[in-house]
Amino acid sequence: MSTTHHTGSPGAENPPNHSAGTPAKTPKKAALASWIGSALEYYDFAVYGTAAALVLNHIFFPEDASPGVAILFSMGTVGVAYVVRPLGALIMGPLGDKYGRKFVLMLTLFMMGGATFLVGCLPTYDQAGLLAPALLVLCRVIQGLSASGEQASAISVSLEHSDDRHRAFTTSWTLQGTQFGTLLATAVFIPFTLILTEEQLFSWGWRVPFWASAVVVFVAYMIRRHLEEPPAFEEAQAEGAEVKRTAPLSTLLKYHKAAVIRIAAAAMVNTINVVFLVWSLSFATSIVGLERTTMLWVSVVANFVALFTIPAWALLADKIGRKPVFVVGVLGAVGFMFPYLAAVSAGNWTLIFLLGALLSGCFYSMANGIWPSFYAEMFPTRVRVTGLALGTQIGFAISGGLTPILATSVAGADGAQWMNVALVVAAAGLISVVAALTAKETKDRSLDEIDDLHTTRTEALELGALDRKETAAAGRR
């Protein structure tokens, strides 16, 4: 077993525990629960981004604001949920490592669903003035706090239930689920923009996708309530007194800061997704004047392609390693961002669809499908949710929080300077690639070996001292 459970040399190999009380791994069940829960929950999160690009900038802010300013305000509310996510990671991550991955998955489900439903009930600026955008921001804060714990817990559940030869593939279904949720969030607006008049869409039609979160919460709850905690977590809780006595956050910050920083930098790859899904949609419809429904179909097609490429790239990563697949994905997506935005600016629908599918559906999905296993395997079991949540959410806060505002700013007063936006994406991609290249390859290691790999001798000695102290105290009692 891993250094979570022993105090020997961090590099020593130990036989697995096959005691009768060891819970069984259920990779298919874990992957399904993570997939459908993430799909439904990220429908809630992503539907806001679509609404912000199409509708909210018109109804939650003053009518006399210029189109560029209104878009800036709307993109700012998109960014709020990303900015608060590191705070959510500080709360949700330790809860996941202390009380269980399932506990956090159920908590975030109700937080996300409730906040999304309430967005559909909010008054507009004409009805409530400044109270309307204030309430909108509050709901986005709750969504951000929820999202920060959702992915880290779902990924950890999948990783720790998987067999060692298919960890990238098993964990990829969590991101495949978020991709499906994003696709659904985009697709659900198509009939409304196609059938309803603009007046109907702005008055009540935009609310319906948010109200649908009531169904989202119910379905996800019915699936996730049957999910078991993974064996690695259960064994750590049952056998490792030192794990239960050690605060995950303090341990993480003391011994695993480098991994958190590495993941935060690598997560800048999210900049690509934010520009593709949010900024380019506003650019196309509000600046270039392209038709809303057709632009939504671009995202639908790209996300549909990703449903198939994400697990395929993950299978490749289980064979050749996480790093090469991740790096090629980032570089490819960055490269295609330039011609994609040029095609949007020119209004060339053929190239928009083709390049959008290649950029997001193919290359971005290489990185997107691999990072769950790549990042999660940078931490030992005892701090995995905390480290994964904090590292990713810092990166997502920077990329998702600043990108909409930064992109809108560098696009110029007329909002048409797309080349500057593409250069921002390139800079973020370079940061992501450099960070990924500093990581250790873990595809051929078991979870126990990964625990040992990421446990220094000093940390092992400290854990052992805590264990001996607990054993002595129990003897005196």
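That block above? That's the structure.
These figures come from a predicted structure and were not determined experimentally. (Residues numbered from 1 in each chain as written. Predicted model: local features only at pLDDT ≥ 70, side-chain atom pairs only at ≥ 80, totals over all residues. Heavy atoms only, no water.)

Visitor: What should I look at first to understand the state of the cysteines in this one?
Guide: Put plainly, a disulfide is one covalent bond tying together the sulfur atoms of two cysteines. One pass over the full model with this rule turns up zero disulfides. Of all cysteine sulfurs, the one in C139 lies closest to C121, which takes part in no disulfide; the gap is 8.9 Å. (Disulfide = S-S within 2.5 Å.)

Visitor: How should I be thinking about the packing of aromatic side chains in this particular structure?
Guide: Each aromatic ring pair is specified by the distance between its two centres and by the angle formed by the two planes. Per the counting criterion, the structure on display carries 15 aromatic pairs. Plain terms: the ring middles of F374 and Y375 are 6.0 Å apart, the flat faces sit at 35° to each other, and that makes the pair tilted. Both residues of the pair, F374 and Y375, count as buried. An aromatic cluster is present here, built from F326, W371, F374, Y375 and F396 joined pairwise through their rings. (Phe/Tyr/Trp six-rings, centres within 6.5 Å; stacked < 30°, edge-to-face > 60°. Buried < 20%, exposed > 50% of the residue type's maximum accessible area, 1.4 Å probe, protein only.)

Visitor: Before we go on, may I ask you to explain the packing of helix α20 (residues 384-410) against helix α21 (residues 418-437) in this structure?
Guide: When two helices pack together, you describe them by how their axes are tilted relative to each other and by the distance separating the axes. Across the interface, α20 lies against α21 with an axial gap of 8 Å and an inter-helix angle of 140°. Note that α20 runs across α21; the crossing there is right-handed. On α21, the residues touching L406, A407 and V410 of α20 are N420, V421 and V424. Of the residues in the contact of α20 with α21, the class split is five nonpolar, one polar and no charged. (Axes fitted to C-alpha atoms, helices over the stretch in contact; angles between N-to-C directions. Helix = DSSP H or I, 4+ residues; strand = E, 2+ residues; numbered from the N terminus. Left-handed = near helix turned anticlockwise from the far one by under 90°. Contact = heavy atoms within 4.5 Å. Nonpolar A, V, L, I, M, F, W, Y, C, P; charged D, E, K, R; others polar.)

Visitor: Teacher, can you tell me more about the packing of helix α16 (residues 270-288) against helix α17 (residues 292-320) here?
Guide: Close contact between α16 and α17 brings their axes to 10 Å; oriented N to C, the two are set at 155°. Between α16 and α17, the angle falls in the class roughly antiparallel. The two elements α16 and α17 meet at a crossing, and its hand is right-handed. Between α16 and α17, the residues in contact are F276, L277, S280, L281, A284 and T285 and R292, M295, L296, V298, S299, A302 and N303, respectively. Its residues placed into classes, the contact of α16 with α17 shows eight nonpolar, four polar and one charged. (Parallel < 35°, antiparallel > 145°, perpendicular 65-115°, else oblique.)

Visitor: Got a minute to help me understand a nonpolar patch on the surface in this structure?
Guide: Judged by side-chain polarity, F110, F218, Y221 and M222 come together as a nonpolar surface patch covering roughly 390 Å² of accessible area. Counting residues per element, the nonpolar patch draws most heavily on helix α11 (residues 213-224), at three residues. Within the secondary structure, M222 is located in helix α11. Under the relative-accessibility criterion, M222 is labelled partly exposed at 30%. (Patch = residues over 30% accessible without salt bridge, like charges linked within 9 Å, V, L, I, M, F, W, Y side chains within 5 Å. Areas by Shrake-Rupley, 256 points an atom, 1.4 Å probe, with all protein chains shown as cover. Salt bridge = Lys/Arg side-chain N within 4 Å of Asp/Glu carboxyl O.)

Visitor: Can you walk me through the pattern of salt bridges in this structure?
Guide: A complete count under the given rule lists 11 salt bridges for this structure. A salt bridge links R101 to E160, with the nearest nitrogen and oxygen atoms 2.8 Å apart. Of this pair, R101 sits in helix α4 (residues 101-119) while E160 sits in helix α6 (residues 131-161), placing them 59 residues apart in sequence. Take R101 and E160: they sit in the same class, and that class is buried.

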